[in-house]
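Structural description and commentary
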Amino acid sequence: MPVLQLAIFDRDLRYVYVSPGAIVDPSTRQWIIGRDDVEYGQYRGSDPSVAERRQRTLRHVLETGELLSFEETISPRTGSPRFFARNIAPVRDPQGRITHLLGFGWDITERKEAEAASAAYTVELRRQKERAEASNAAKSSFLANMSHELRTPLKDRKSTRLNSSHGYISYA
């Protein structure tokens, strides 16, 4: 079962809370409070475009007040890319004003890998089916030709006689 990753942001898009599922290291979790994604990206040495994209997403939810769901690919400096399902939801006070943003998601890498493997398997199955159909068509054509060849010589000969004195068969 995927681990839920949870983060709460204030209106300035700074972290207020981060769950252990989102950042495992306790000292990093403590460090990030009061900082934004740009600072976190710099701290980790991540691609700045990831932090900028996250900041735009957070601002969009803050401005529209709408829940936003998306998938995100993170390519670490070492290792394979990881895929995440992300959701950003506004948190409102009793007057309906947005006070915070709630970000939550989970790692969907295994699902993505399974989908890719399934797609590759489906392509291979189609290729095998096409080969089998082509082989079946070739077999049918061969059998039709052979059937024709076997019947044709017999149809052309109206009758045959055995000439016993000369030891041969003549065709009339």
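Structure: above.
In this report, the structure presented in the accompanying data block is examined. Every chain's residues receive numbers from 1 upward, in the order its sequence appears when written. The predicted origin of the model limits local features to residues at a pLDDT of at least 70 and limits the giving and counting of side-chain atom pairs to 80 or more, whereas totals for whole chains, interfaces and linings rest on all residues. In computing side-chain values, all of the structure's heavy atoms are included and hydrogens and water are not.

**With respect to the pairing of strand 2 (residues 15-18)**
The condition that has to hold: For two strands to count as paired, DSSP must find a minimum of two bridges between them. Helix numbering and strand numbering both begin at the N terminus, where a helix is a DSSP run of H or I of at least 4 residues and a strand a DSSP run of E of at least 2.
Where strand 1 (residues 5-9) and strand 2 come together, 3 bridges link them in antiparallel fashion. Residue Ala-7 lies in a different strand from strand 2, and its bridge partner there is Val-18. Connecting the antiparallel pair strand 1 and strand 2 is a turn made up of 5 residues, with Leu-13 showing a positive phi of about 65°.

**Some details on helix 2 (residues 37-44)**
Going by this rule: The cut-offs for exposure are 20% and 50% of the maximum accessible area for each residue type, with area from a 1.4 Å probe on protein chains only; residues under the lower value are buried, those over the upper are exposed, and the others partly exposed. In this description, one arc is meant: the one made by directions from the helix axis to the C-beta atoms. Two residues qualify as a contact provided that any one of their heavy atoms is within 4.5 Å of a heavy atom in the partner residue. Whenever two N or O atoms come within 3.5 Å, that pair is a polar contact, provided that in protein one can donate a hydrogen and the other can accept it, and provided that, for residues adjacent in sequence, both atoms are side-chain atoms.
Buried within helix 2 are the following residues: Asp-37, Tyr-40 and Gly-41. For helix 2, the angular spread of the buried residues around the axis is 100°, confining them to a single face. Buried residues belonging to helix 2 abut strand 1, strand 2, helix 1 (26-32) and helix 3 (48-64). The backbone nitrogen of Val-38 has a side-chain oxygen 3.0 Å away, supplied by the residue at the start of helix 2, namely Asp-36.

**Overview of the side chain of Asp-36**
Mapped onto the secondary structure, Asp-36 falls in the loop between helix 1 and helix 2. Looking at Asp-36, its side chain comes within polar contact range of the main-chain nitrogen of Val-38, at 3.0 Å. Separated by 2.9 Å, the side chain of Asp-36 and the backbone nitrogen of Glu-39 make a polar contact. Among residues more than four places away in sequence, those in contact with Asp-36 are Leu-13, Arg-14, Tyr-15 and Gln-55.

**Quick notes on the sheet that holds strand 4 (residues 82-92)**
Note the cut-off: Axis definition: a line fitted to C-alpha atoms, limited for helices to the stretch in contact. Angles are taken between N-to-C directions and run from 0 to 180 degrees.
One open sheet accounts for 5 strands, arranged 2-1-5-4-3; its pairing is antiparallel. With one partner strand each, in any of the chains shown, strand 2 and strand 3 (68-74) form the two edges of the open sheet. Here the average twist between neighbouring strands, direction ignored, is 25°.

**Observations concerning the nonpolar core**
When a protein is soluble and globular, its nonpolar side chains tend to lie buried together. Put simply, the rule reads: To form a nonpolar core, buried Ala, Val, Leu, Ile, Met, Phe, Trp, Tyr and Cys residues must be joined to one another through side-chain atoms within 4.5 Å.
With 14 residues, the main nonpolar core has Phe-9, Tyr-15, Ile-32, Leu-58 and Leu-101 as its most contacted residues. Of all the secondary-structure elements, those providing two or more residues to this core are strand 1, strand 2, helix 3 and strand 5 (98-107). Of all the elements, helix 3 adds the most residues to this core, at 3 residues. Once you skip the residues sitting within four places of it in the chain, Leu-101 turns out to touch Ala-7, Ile-8, Phe-9, Leu-13, Leu-58, Val-61, Leu-62, Ile-88, Ala-89, Pro-90 and Val-91.

**Details of the packing of aromatic side chains**
To be explicit about the condition: Here is the rule: rings of Phe, Tyr and Trp (six-membered ring for Trp) pair when centre to centre is within 6.5 Å. Planes less than 30 degrees apart are stacked, more than 60 are edge-to-face, and the remainder are tilted.
Across all of its chains, the model carries 3 aromatic pairs by this definition. On the basis of an interplanar angle of 75° and a centroid distance of 6.4 Å, the ring pair of Tyr-15 and Tyr-40 is categorised as edge-to-face. Here Tyr-15, found in strand 2, pairs with Tyr-40, found in helix 2; they are 25 residues apart in sequence, far enough to count as distant. Each member of the pair, Tyr-15 as well as Tyr-40, is classed as buried. Judged by centre distance (4.1 Å) and plane angle (20°), the rings of Trp-31 and Tyr-43 are stacked.

**Remarks on unusual backbone geometry**
With phi around 65°, Leu-13 is a residue other than glycine that occupies positive phi space. Here Leu-13 shows up in the loop between strand 1 and strand 2.

**Let's talk about the pattern of salt bridges**
What counts is decided by this rule: One side-chain nitrogen of Lys or Arg within 4 Å of one carboxyl oxygen of Asp or Glu is enough to make a salt bridge.
All told, the structure shown has 10 salt bridges when counted by the stated rule. A salt bridge links Arg-82 to Asp-107, with the nearest nitrogen and oxygen atoms 2.7 Å apart. Placement of the pair is Arg-82 in strand 4 and Asp-107 in strand 5, with a sequence separation of 25 residues. Residue class for Asp-107 comes out partly exposed when judged on its relative accessible area of 23%. In this structure, Glu-124 and Arg-127 form a salt bridge, with 2.4 Å as the shortest nitrogen-oxygen distance. One end of the pair is Glu-124 and the other is Arg-127, both in helix 4 (residues 109-156) and 3 residues apart, which spans about a single turn. Given a relative accessible area of 40%, Arg-127 falls into the partly exposed group. Salt bridges linked by common partners bring Asp-37, Arg-54, Glu-72 and Arg-86 together as one network.

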